[in-house]
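Chain by chain, the residues run as shown.
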Amino acid sequence: SAIAEGVTRSIEGVTDSVTGVFTDPVIRLGVTGLSRAGKTVFITSLVANLMDRGRMPGLQAAARGAIKAAYLQPQPDDTVPRFDFETHLEDMTGATPEWPDSTRAVSELRLSMKVQPGGLLGGLSGPRTVHLDIVDYPGEWLLDLGLLEKSYAEWSAEALDRLPGRPGGAEYLALLGQEDAAARLDEPVAQRLAKSFTAHLNASREAGFSDCSPGRFLLPGDLAGSPALTFAPMAQVADAGRGSLYREMDRRFEAYKRRVVKPFFRDHFSRIDRQVVLVDVLGAIHAGPQALEDLRRAMADILGAFRPGRNAWLTSLFVGRRVEKILFAATKADHLHHRQHPALTAITEALLREARDRADFAGAQTQAMSLAALRATVEETRRHEGQDLDMVRGTLLGTGKAAALYPGDLPEEPARLLSPAREGAQQWLDGDYNVMKFRPAALTLTPGEGPPHIRLDRAAEFLFGDKLR
Ligand code: GDP
């Protein structure tokens, strides 16, 4: 059926193979990134800016006035939750703007655009309809791809190896030390272990670690409390018989792979045409070298999912098709004055080099950029101790007071920054970054102050501009 699907999809926009009826082109745009990377804000702002045309000069179709209309339509997949665009937009643009609730699971939204074709022949035909199906899903779920190749014993060995030194790790190991893996399964014991392991993953995430798989342990959705999520790593034991704690953990790990991980890749991931991977690079830089290195590794793992051949099962889902473009975007760039943006983009590129080389190898076109889906600040340069300081001004979340702040310096040499020889105790962004919790700005930026986003239009141009020509 994967083959049949590939064939049907490749001729979409021409005629439907079964009905013979002309169908409109469809772009399936995947939006992912680790939790709090900015997915919800990105999608809400992208859709709002496309519907409210004129704020997207970097999107060629918008600049030449070719997008005649943009409107929401029922999505094609009836069983996938709809992205809650209206509620999120209301949060962000209400009387006291707030940040919306973040992504917890997969969701979808169809934005349809009426586009006047350009070029020599364009004027001869009327506008055509292009559907943009946006699929929002947690980047944590992509990390689970690595689990498919591992047995429970292999995964356990790696997970146990990572535990010491991470938040909650010692607690889990202490708890594990009290249990006999060969003993008969006692459900409360399995639950205690899973709970402690999950607490460790959540605490690690809080502390800035990126690789906190299995992904559903952090964002369980409606699987919370189910046996497929009630397992944890245990050292292998030779004498674990049927019905033992170890054997049951092993069985549940396999169930997680089969019933949770595979369906996601089959039903959602394998159908994506274009992908944006949002990365909170600033957050990781601020958290320090260890967090940045961990983010680099997690990104390499995440993007491994886009490399055909890495996993035979996944490759079989992609027969006849591939992800054509991948954008890596450092989010929340409005924390920085635009003079610091090139440095942020260079760091993002360095961070993703390894992962990006792999994806390039797969024939996908890739690009890195810095953006802010919703600008919460305006720029301000102030004289400070005889020097010009490039600051940003915004309204603070807590107090509601306006403040001009300087986040601090970015690491200087992106290439060396990620080398093993790097010093451990470096401090980056140690200016005001810590207190830069801005409220989303009300949409009052005047034309001189630029659009209410940073490079969202360029991101759109890269991701699907070619389909609107
Ligand atoms: P998700 O977990 O990937 O869906 O992340 P969200 O979209 O909910 O974003 C997480 C948080 O990052 C938000 O609550 C904001 O505080 C912040 N954020 C996201 N995008 C922007 C942006 O463009 N500018 C600023 N200043 N903050 C942002």
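Cut-offs and rules
Residues numbered from 1 in each chain as written. Predicted model: local features only at pLDDT ≥ 70, side-chain atom pairs only at ≥ 80, totals over all residues. Heavy atoms only, no water. Helix = DSSP H or I, 4+ residues; strand = E, 2+ residues; numbered from the N terminus. Buried < 20%, exposed > 50% of the residue type's maximum accessible area, 1.4 Å probe, protein only. Contact = heavy atoms within 4.5 Å. Areas by Shrake-Rupley, 256 points an atom, 1.4 Å probe, with all protein chains shown as cover. Pairing = 2+ DSSP bridges. Axes fitted to C-alpha atoms, helices over the stretch in contact; angles between N-to-C directions. Patch = residues over 30% accessible without salt bridge, like charges linked within 9 Å, V, L, I, M, F, W, Y side chains within 5 Å. Salt bridge = Lys/Arg side-chain N within 4 Å of Asp/Glu carboxyl O. Core = buried A, V, L, I, M, F, W, Y, C linked by side-chain atoms within 4.5 Å. Phe/Tyr/Trp six-rings, centres within 6.5 Å; stacked < 30°, edge-to-face > 60°. Lys NZ or Arg CZ within 6 Å of the ring centre and 35° of its normal. Near = heavy atom within 4 Å. Polar contact = N/O pair within 3.5 Å; in protein donor to acceptor, adjacent residues only side chain to side chain. Nonpolar A, V, L, I, M, F, W, Y, C, P; charged D, E, K, R; others polar.

The next subject is the overall build of the chain. When you go through the chain residue by residue, the secondary structure sums to 17 helices and 10 strands. For the chain, the residues scored as buried account for 52% of the 469 residues in total. Of the contacts made within the chain by residues no fewer than 6 positions apart, 75% connect residues no fewer than 24 positions apart. Split by element, the accessible area of the chain, about 21100 Å² in all, is 51% carbon and sulfur.

Attention now moves to the sheet that holds strand β10 (residues 402-405). Ordered by their spatial adjacency, three strands build an open sheet running β8-β9-β10, and the pairing between neighbours is antiparallel. The sheet terminates laterally at β8 (377-384) and β10, the two strands that pair on one side only. Strand-to-strand twist of the sheet, defined as the mean angle between neighbouring strand axes without regard to direction, takes the value 35 degrees. Both strand β9 (residues 387-395) and β10 contribute to a ladder of four bridges, which runs antiparallel. By the bridge assignment, V392 is partnered in β10 with L405.

Turning next to the environment of R393. Along the polypeptide, R393 turns up in strand β9. Overall, the relative accessible area of 29% leaves R393 in the partly exposed class. Separated by 45 residues in the primary sequence, R393 and F438 have C-alpha atoms spaced 9.2 Å apart. Those residues in contact with R393 that lie beyond four places of it in its chain are A376, T377, V378, E380, R382, A402, A403 and A404.

On the surface, a cluster of nonpolar side chains totalling about 450 Å² of accessible area is made up of L120, L121 and L124. Looking at where L124 falls in the secondary structure, it is placed in the loop between α5 (119-122) and β4 (128-136).

By secondary structure assignment, the location of V435 is in the loop between α16 (414-417) and α17 (456-464). A relative accessible area of 47% places V435 in the partly exposed class. Counting along the chain gives 37 residues from V435 to G398, while the straight-line C-alpha distance between them is 9.9 Å. Sequence-distant contacts of V435, that is, excluding residues within four places in its chain, are made with L396 and L405.

The next point concerns the nonpolar core. Grouped together as the largest cluster of nonpolar side chains are 88 residues, with contacts concentrated most on L193, F265 and F269. If you tally residues by element for this core, the top one is helix α11 (residues 245-267), at nine residues. Among the nonpolar cores identified, the runner-up in size contains 42 residues, and F85, L278, L327 and F462 belong to it.

Glancing now at the pattern of salt bridges. Side-chain pairs of opposite charge can arise whenever the charged atoms involved come near each other. By the definition in use, this model includes 25 salt bridges. Salt-bridge contacts for R55 lead to D52; the nearest nitrogen and oxygen are separated by 3.0 Å. Owing to a relative accessible area of 39%, D52 belongs among the partly exposed residues under this scheme. Residues R82 and E86 are paired through a salt bridge, measuring 3.0 Å at the closest nitrogen-oxygen approach. Judged by its relative accessible area of 40%, R82 is partly exposed.

For the coordinates displayed, the defined rule picks out 17 aromatic pairs. Ring geometry for W155 against F253: centres 5.2 Å apart, planes inclined by 20 degrees, an arrangement best described as stacked. Taken together, the positions of W155 in helix α7 (residues 152-162) and F253 in helix α11 put the pair 98 residues apart, joining distant regions of the chain. Across this residue pair, the class does not change: W155 and F253 are buried. Put simply, the rings of Y152, W155, Y172, F197, F217, F231, Y246, F253 and Y256 touch in pairs and so form one group of aromatic residues. Lying across the ring of F462, K325 places its NZ or CZ 4.7 Å from the centre.

On to the site of the ligand. Near the ligand you find 18 residues, and of these R36, K39, T40, S102 and D334 are the closest. K39 is positioned such that a nitrogen or oxygen atom in its backbone is 2.8 Å from an oxygen atom of the ligand. The contact in question runs from an oxygen atom of the ligand to an N or O atom on the side chain of S102, over 2.6 Å. Protein burial of the ligand: of its 580 Å² of free accessible surface, 93% is covered by the chains. Partitioned by chemical class, the residues of the shell around the ligand number eight nonpolar, six polar and four charged.

Interpretation note: all reported values are geometric properties and have no functional meaning in isolation.
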